[in-house]
Amino acid sequence: MADIAHRSAAPVQHGLFGLTDRFRDKLPAAFAVVGLIAAWQFVVWAFSVPTYMAPGPLDVLRSFRDDGWTLLSNFWPTLFEAMLGFVFGNLIAILLAVWFVHNRTAERAFYPIAVFMHTIPIIAVAPILVLIFGSGYLPKVIIAALICFFPTLVNMVRGLKAVTPATLDLMRVLSASKSEIFWKVRIQSSLPFLFAALKIASTTCVIGAIVAEWIGSNFGLGALIIEATYNFRSPLLYATVFVAALLAVVLFSIVSVAEARLIKWKASDVH
């Protein structure tokens, strides 16, 4: 009985040690963050840096307390724009990649156009879209979608073409249809490439939404950054930047969790 009790307790003990190991692995990063924040606060105190130039961490925390409602009310529009841009930009890129793989003429015709569009600075496109569609949500969503579009298109095309000729020959020998080859082989091989692009898009969609809000917008984190800068409200500026960065990190983490659950393998050239 004692031996049975010992064996049943062993997995729990192993789990506790595993939890401790994971916590220990994160300690260096935690200490580094705390150290940087402490150094930041010390420099502000030691050199008596004016708050309007460089607020300390305590000033930023007070801004979260005093301007919490302002931050929250401007957070939701940016989240809405970034998420819609992320969905539509990646969806269009995936559909085009599938079309390109199945139609080489379409790829030769439209892929160079996609490359050309990517070379145009997004900050130059934003005013044009604002002039055409006004200062509402639509131009912000389009810009967030555009900034997500190209990396996903490139990676998805590469992933769909990453199937080895031997695998395709085997599927043909097994009398697999084109749809079966697509869903069971090409899509599976493209998933690591797709998620690599989605990780990039999860952060750049936030950047696209904020850049769009800098031009002709009275709402969103981007507009709040401009307002705080022009009015020398540095604590609010730093708090807004932190919220924007936190949003990008959360979206990146969601994509990473989805990748870990959906993909149990990776192609040899995807890391």
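Residues numbered from 1 in each chain as written. Predicted model: local features only at pLDDT ≥ 70, side-chain atom pairs only at ≥ 80, totals over all residues. Heavy atoms only, no water.

1. A short note on the overall build of the protein
We count it as follows: By the criteria applied, helices consist of DSSP H or I runs no shorter than four residues and strands consist of E runs no shorter than two, each listed in order from the N terminus. Note on exposure labels: buried denotes an accessible area under 20% of the residue type's maximum, exposed denotes more than 50%, and partly exposed covers the range between, all computed with a 1.4 Å probe on protein chains only. Only the protein chains shown count as cover for residues, and the accessible areas themselves come from Shrake-Rupley with a 1.4 Å probe.
Looking only at helices and strands, one finds ten helices and zero strands in the protein. Overall, the protein shows an N-to-C arrangement of helices and strands of α-α-α-α-α-α-α-α-α-α. The burial tally for the protein puts 37% of its 271 residues in the buried class. Accessible area of the protein: about 16,300 Å², with a carbon and sulfur share of 73%.

2. Looking at the nonpolar core
To keep things clear, this is the line we draw: Among buried residues, the Ala, Val, Leu, Ile, Met, Phe, Trp, Tyr and Cys ones that are joined through side-chain atoms within 4.5 Å form a nonpolar core. Here a residue-residue contact requires only that any non-hydrogen atoms of the pair lie within 4.5 Å.
One finds Leu 153, Leu 160, Cys 205 and Val 206 to be the most contacted residues of the largest nonpolar core, which totals 43 residues. At the level of elements, α3 (68–102), α4 (104–119), α6 (137–160), α8 (178–213), α9 (221–230) and α10 (234–262) are the ones that each hand at least two residues to this core. For this core, the element with the highest residue contribution is α8, accounting for ten residues. Excluding residues that lie within four positions of it along the chain, Leu 160 makes contacts with Ala 97, Val 98, Val 101, Phe 182, Arg 186, Ile 187 and Ser 190. Core analysis: the next-biggest nonpolar cluster, separate from the first, contains six residues, Val 163, Leu 168, Met 171 and Val 185 among them.

3. With respect to the pattern of salt bridges
As a reminder, the rule being used: In what follows, salt bridge is the name for a side-chain nitrogen of Lys or Arg lying within 4 Å of a carboxyl oxygen of Asp or Glu.
Going through the model one piece at a time under the given rule, you end up with seven salt bridges. For Arg 62, the salt bridge goes to Asp 59, with nearest N and O atoms at 2.4 Å. With Arg 62 and Asp 59 both in helix α2 (residues 57–66) and three residues apart, this pair spans about one turn of that helix. Linked by salt bridges that have partners in common, Asp 67, Glu 227 and Arg 233 make up one network.

4. Regarding α9
If you check which residues of α9 are buried, you get Leu 221, Gly 222, Ala 223, Leu 224, Ile 225 and Ala 228. For α9, the elements touching its buried residues are α3, α8 and α10. Phe 232 sits one or two positions beyond α9 and adopts a positive phi of about 55°.

5. Some details on the packing of aromatic side chains
How we decide: Only Phe, Tyr and Trp rings take part, Trp by its six-membered ring, and two of them pair if their centres are within 6.5 Å. Stacked means planes under 30 degrees apart, edge-to-face means over 60, and tilted covers everything else.
Counted under the stated rule, the structure contains eight aromatic pairs. With a centroid separation of 5.8 Å and an interplanar angle of 85°, the aromatic rings of Phe 64 and Phe 242 are classed as edge-to-face. With a gap of 178 residues between them, Phe 64 in helix α2 and Phe 242 in helix α10 connect regions that are remote in the sequence. With a centroid separation of 5.5 Å and an interplanar angle of 35°, the aromatic rings of Trp 99 and Phe 110 are classed as tilted. Taken together, the residues span a long stretch of sequence, with Trp 99 in helix α3 and Phe 110 in helix α4 at a distance of eleven residues. For Trp 99, a relative accessible area of 39% corresponds to the partly exposed category. Look at Phe 110 and you get partly exposed, because its relative accessible area is 41%.

6. Looking at the confidence of the model for the protein
How we decide: The pLDDT value expresses, per residue, how confident the predictor is, ranging between 0 and 100.
On average, residues of the protein carry a pLDDT of 84, and 89% of them reach 70 or more. Mean pLDDT across the secondary structure elements of the protein bottoms out at helix α1 (residues 2–46), with 66, and peaks at α3, with 94. Across residues 1–17, confidence stays below pLDDT 50; counting only partners more than four residues off in sequence or on other chains, it has zero contacts. Here residues 267–271 scores under 50 on pLDDT; set against residues more than four positions off or in separate chains, the count is seven contacts.

7. Some points on the side chain of Ser 63
Counting through the fold element by element, Ser 63 comes out in helix α2. Those residues in contact with Ser 63 that lie beyond four places of it in its chain are Gly 68, Pro 235, Leu 236 and Ala 239.

8. Examining the environment of Ala 244
The residue Ala 244 is located in helix α10 in this model. Residue Ala 244 is classed as buried on the basis of its relative accessible area of 9%. With 165 residues separating them along the chain, Ala 244 and Leu 79 place their C-alpha atoms 9.3 Å apart. Here Ala 244 is in contact with Val 206, Ile 210 and Leu 221, once residues within four sequence places are set aside.

9. Digging into the packing of helix α5 (residues 122–133) against α6
Using the following cut-off: Geometry is summarised by axes, namely lines fitted to C-alpha atoms with helices restricted to the contacting stretch, and by angles between N-to-C directions that run from 0 to 180 degrees. To sort the angles, those under 35 degrees are grouped as roughly parallel, those over 145 as roughly antiparallel, those from 65 to 115 as roughly perpendicular, and the leftovers as oblique. By definition, turning the near helix anticlockwise from the far helix through less than a right angle yields a left-handed crossing, and turning it clockwise yields a right-handed one. Gly is put with the polar residues, along with every residue not named as nonpolar or charged; the nonpolar set is Ala, Val, Leu, Ile, Met, Phe, Trp, Tyr, Cys and Pro, and the charged set is Asp, Glu, Lys and Arg.
In contact at an axis separation of 9 Å, α5 and α6 are set at 150° when each is read in the N-to-C sense. When the interaxial angle is binned, α5 and α6 end up roughly antiparallel. The crossing of α5 and α6 is right-handed. Contacts between α5 and α6 involve Ile 122, Val 125, Ala 126, Leu 129, Val 130 and Phe 133 on the former and, on the latter, Leu 138, Pro 139, Ile 142, Ile 143 and Leu 146. Of the residues that constitute the contact of α5 with α6, the class distribution is eleven nonpolar, no polar and no charged.

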